[in-house]
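Report on the structure
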Amino acid sequence: GGLDSTVLMHLMVALRRQHPRRLLLRALHVDHHLQPASRDFRAHCNKLARGWRVPLTILDVKVRTGPGVSTEEAAREARYAAWQGALAPGEDLLLAQHADDQVESLLLALLRGAGPAGLAAMPREAALGRGRLVRPLLGLSRDALRSYAGHHALTWVEDPSNQLQRFDRNYLRAEVVPRLRQRWPSLAQTLSRSARHCGSA
């Protein structure tokens, strides 16, 4: 229901129109039940899927919380487990992560002291359960996706938790990456190249 996923789904619906017999398309939405706004996310996704005639499955997950638990990491684990269980044999799960997400992932890995596997950040393709995970937008910037959405008059929902800088990724996005990009405008391309080198290593 966010900007990135909405753009990806719009692209896939357009691709389905071109290849109606070759592309079977369905959508998954994960409800983490971590904030009251999750009901609005569900409603928006249902409306979008109906309008584009894409079957939608809502995956309800329970995220571990409590002292010493990273909500970000627990939500990620719950999300991936749900996706893995939902994939049929041979299906591809397309995720809408983009170049700016890759920058944040690489910086987080560096700050954790990760080795080459962690510094490879997000691969473009990976096995997932009985299917495969694919990130087709990894080479595009958030600004490019926003421009596409504006051109096609797409609507999406903004996750209020993205403004909470107690989460490491949000802090990097709001405070660190913009300052790095001012000094090094090609930051996303350069760090993505480093991630690919680490993946090859």
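Predicted, not measured: the structure shown is a model, and the values here were computed from it.

Pairing of strand β4 (residues 125-128) with strand β5 (residues 131-134), which is carried by 4 bridges, proceeds in the antiparallel orientation. Note that in β5 the partner of L128 across the bridge is G131. Hairpin connection, β4 to β5: the antiparallel pair is bridged by 2 residues, and G129 has positive phi, about 60°.

It is worth spelling out the packing of helix α4 (residues 99-111) against helix α8 (residues 187-200) at this point. When two helices pack together, their arrangement is given by the angle between the helix axes and by the axis-to-axis distance. Two elements in contact, α4 and α8, have axes separated by 9 Å at closest approach and are oriented at 60°. The angle between the axes of α4 and α8 places the two elements in the oblique class. By crossing handedness, the relation of α4 to α8 is classed as left-handed. Note on element contacts: α8 touches α4 through L187, A188, L191, S192, S194 and A195, opposite A99, Q102, V103, L106 and L107. Taken together, the residues that form the contact of α4 with α8 break down as 8 nonpolar, 3 polar and no charged.

Bringing the environment of C45 into the picture now. Tracing the sequence through the fold places C45 in helix α2 (residues 38-51). Using a relative accessible area of 8% as the deciding quantity, one classes C45 as buried.

To continue, consider the packing of aromatic side chains. Evaluation of the coordinates by the stated rule reveals 1 aromatic pair. Here Y80 and W83 contribute two aromatic rings whose centre-to-centre distance is 5.0 Å and whose plane-to-plane angle is 65°, an arrangement assigned as edge-to-face. In this pair, Y80 and W83 both sit in helix α3 (residues 71-86), 3 residues apart, roughly one turn of the helix. Of the two residues, Y80 and W83, neither departs from the other in class, the shared state being buried. We note R76 situated over the ring of Y80; from NZ or CZ to the ring centre the distance is 4.5 Å.

Cut-off values and rules
Residues numbered from 1 in each chain as written. Predicted model: local features only at pLDDT ≥ 70, side-chain atom pairs only at ≥ 80, totals over all residues. Heavy atoms only, no water. Pairing = 2+ DSSP bridges. Helix = DSSP H or I, 4+ residues; strand = E, 2+ residues; numbered from the N terminus. Axes fitted to C-alpha atoms, helices over the stretch in contact; angles between N-to-C directions. Parallel < 35°, antiparallel > 145°, perpendicular 65-115°, else oblique. Left-handed = near helix turned anticlockwise from the far one by under 90°. Contact = heavy atoms within 4.5 Å. Nonpolar A, V, L, I, M, F, W, Y, C, P; charged D, E, K, R; others polar. Buried < 20%, exposed > 50% of the residue type's maximum accessible area, 1.4 Å probe, protein only. Phe/Tyr/Trp six-rings, centres within 6.5 Å; stacked < 30°, edge-to-face > 60°. Lys NZ or Arg CZ within 6 Å of the ring centre and 35° of its normal.

No statement about biological role is implied by the geometric values presented.
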